[in-house]
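Report on the structure
Spelled out from the first residue to the last, the chains are:
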Amino acid sequence: MHLSSIVLALAVGPLAAFASNVLEADAKTFSSLLGDTPSLVEFYAPWCGHCKNLAPIYEQLADAFSSSKDKVKIVKVDADGEGKELGQKYGVTGFPTLKWFPGGANSEPEEYDGGRTLMPWYKKKPEPKKATRQLDLTSFKKIALDPTKNALVAFTASWCGHCKAMKPTLEKVAKNFENEEECIVADLDADTPETKPLAQEYGVSGFPTIKFFPKGVEQTPLAYEIGRSEADFTEFLNKHCGTHRAVDGGLNDAAGRVAALDILASRIYAVVPASRSQIYDEAVVLSKALGSSADYYLRVMKKLVNSTEDYVSKEAKRLATILEKKTLSSKKLDEIKVKANILAAFLEQDTPRRPRRCSSISRRSCKLGISQLCLSS
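The following refers to the structure shown. (Residues numbered from 1 in each chain as written. Predicted model: local features only at pLDDT ≥ 70, side-chain atom pairs only at ≥ 80, totals over all residues. Heavy atoms only, no water.)

The subject of this paragraph is the packing of aromatic side chains. By the definition in use, this model includes 15 aromatic pairs. Arranged with centres 6.1 Å apart and planes meeting at 45°, the rings of Phe 43 and Tyr 90 form a pair that is tilted. Highlighted residues: Phe 43 in strand β2 (residues 39-44) and Tyr 90 in the loop between α4 (84-89) and β4 (97-101), separated in sequence by 47 residues. Relative accessible area serves as the criterion here: at 0%, Phe 43 is assigned to the buried category. When the ring of Tyr 90 is compared with that of Phe 101, the centres are 5.1 Å apart and the planes differ by 85°; the resulting orientation is edge-to-face. One end of the pair, Tyr 90, is in the loop between α4 and β4; the other, Phe 101, is in strand β4, and eleven residues separate them in sequence. A cation over an aromatic ring shows up here: Lys 76 above the ring of Tyr 44, its NZ or CZ 5.5 Å from the ring centre. A cation over a ring is seen here: Lys 303 above Tyr 311, with NZ or CZ 5.0 Å from the ring centre. (Phe/Tyr/Trp six-rings, centres within 6.5 Å; stacked < 30°, edge-to-face > 60°. Helix = DSSP H or I, 4+ residues; strand = E, 2+ residues; numbered from the N terminus. Buried < 20%, exposed > 50% of the residue type's maximum accessible area, 1.4 Å probe, protein only. Lys NZ or Arg CZ within 6 Å of the ring centre and 35° of its normal.)

In structure tokens:
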């Protein structure tokens, strides 16, 4: 939605409001409140006279968009109180200060440089770029038929009600998969003179029709015939693209995990520190076939070999805090989520199991502390 739409609403006249539609955030709620929704944020101080003068105009702006909070949010932060930390983070030196976050909390804010009517600035703000690839005949061939990419393509028509209803969900899914370079979500208006022959070629007889084009040479597209919820699309793409995206964005708990290394990660806690080097050596051997996916496992195991007992629990808590705040870029958060998932493999069985008496056959392995025969369940 264009920012000028809000200004038009304000130009009609004051809108009555029984409760404030301005969302209030502080340092703890800022990231979760904004999410990835374009947001205008006022950093104010309760004692500030200019802030008090701006308040009625800001309320009108929020009222104008009260039914479209999924498209733009009007937010205020007490930058001299509970939001002081945010004011410092975003360079607030006076009140009121207004900043535009075009992609939500994780985007780089832009300074508001217009008058207090908000109109001059609002008219020139561009609509946020869509994550869903908009295809035409040429770009379809380059993207959907690219042998190095997987592509989910929705064949739609501009007049189709079901297509219009589906597009916001498709956009959320595309946004969630933006960091997956080999998994594309796209839309093609298949009811134009240019694209109708293409639609017929792929058996499109109604709208929307959704097809998945797997990477590879001369692969046959798959018909997408399940539900159209965000969860349905996400499950399908994870299965066919080999990804681990979560429904609400970011990665799920399986991302980065390697089953063979998970076993070693849980076992390394079950032995005395002096015996951990044996398990580490096993992991090094495995890593030669696994490549970079083993790097963080080895790093953590090395810490444990060196008897850094509390490293895993402390690091897991630190990463969990970062993931909860969501103040970093989505790519950086993906990296941190992978590390957090791997740490979870170590913590799943972090209580040492009581050794029991070994048989003569397994005594040598028992001394190493790695034999399953020598550990009580």
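Take Thr 209: it is sitting in strand β9 (residues 209-213). Contacts of Thr 209, omitting those with residues within four sequence positions, involve Val 153, Ala 154, Phe 155 and Val 204. (Contact = heavy atoms within 4.5 Å.)

So, on to the environment of Asp 80. With respect to the helices and strands, Asp 80 occurs in the loop between β3 (73-78) and α4. For Asp 80, a relative accessible area of 35% puts it in the partly exposed group. Taking the C-alpha atoms as reference points, Asp 80 and Tyr 44, 36 residues apart in sequence, are found 7.3 Å from one another. With sequence-adjacent residues up to four places away left out, Asp 80 is seen in contact with Tyr 44, Ala 45, Trp 47 and Phe 95. A distance of 2.8 Å separates the side chain of Asp 80 from the side chain of Trp 47, its partner in a polar contact. (Polar contact = N/O pair within 3.5 Å; in protein donor to acceptor, adjacent residues only side chain to side chain.)

With that settled, the discussion passes to the environment of Phe 233. Assignment of secondary structure puts Phe 233 in helix α9 (residues 230-241). Separated by 59 residues in the primary sequence, Phe 233 and Ala 174 have C-alpha atoms spaced 9.7 Å apart. If near-sequence neighbours (up to four positions away) are discounted, Phe 233 is found in contact with Leu 152, Met 166, Thr 169, Leu 170, Val 173, Ile 210, Tyr 224 and Arg 228.

Inspection of the secondary structure assignment puts Glu 82 in the loop between β3 and α4. Ignoring sequence-local partners within four residues, the contact set of Glu 82 consists of Asp 26 and Ala 27.

Our focus in this paragraph is unusual backbone geometry. Residues Phe 95 and Pro 96 are joined by a peptide bond in cis, for which omega reads -10°. Looking at the element boundaries, Pro 96 is found in the loop between α4 and β4. Going from Phe 207 to Pro 208, the amide bond is cis rather than trans, its omega being -10°. Relative to the helices and strands, Pro 208 resides in the loop between α8 (196-201) and β9. One non-glycine residue, Glu 218, lies in the positive phi region at around 55°. With respect to the helices, strands and loops of the structure, Glu 218 is situated in the loop between β9 and β10 (222-223). Phi is positive for Lys 326, close to 55°, though the residue is something other than glycine. With respect to the secondary-structure elements, Lys 326 resides in the loop between α13 (311-325) and α14 (330-347).

Going through the model one piece at a time under the given rule, you end up with 15 salt bridges. Note that Lys 167 is salt-bridged to Asp 187, the shortest N-O span being 3.4 Å. With a gap of 20 residues between them, Lys 167 in helix α7 (residues 161-176) and Asp 187 in strand β8 (residues 183-189) connect regions that are remote in the sequence. In this structure, Asp 262 engages Arg 257 in a salt bridge whose closest nitrogen and oxygen atoms are separated by 2.9 Å. Among the residues examined, Asp 262 registers a relative accessible area of 15% and is labelled buried. For Arg 257, a relative accessible area of 23% corresponds to the partly exposed category. Within this structure, Glu 180, Arg 245 and Asp 334 form a network of salt bridges that share partners. (Salt bridge = Lys/Arg side-chain N within 4 Å of Asp/Glu carboxyl O.)

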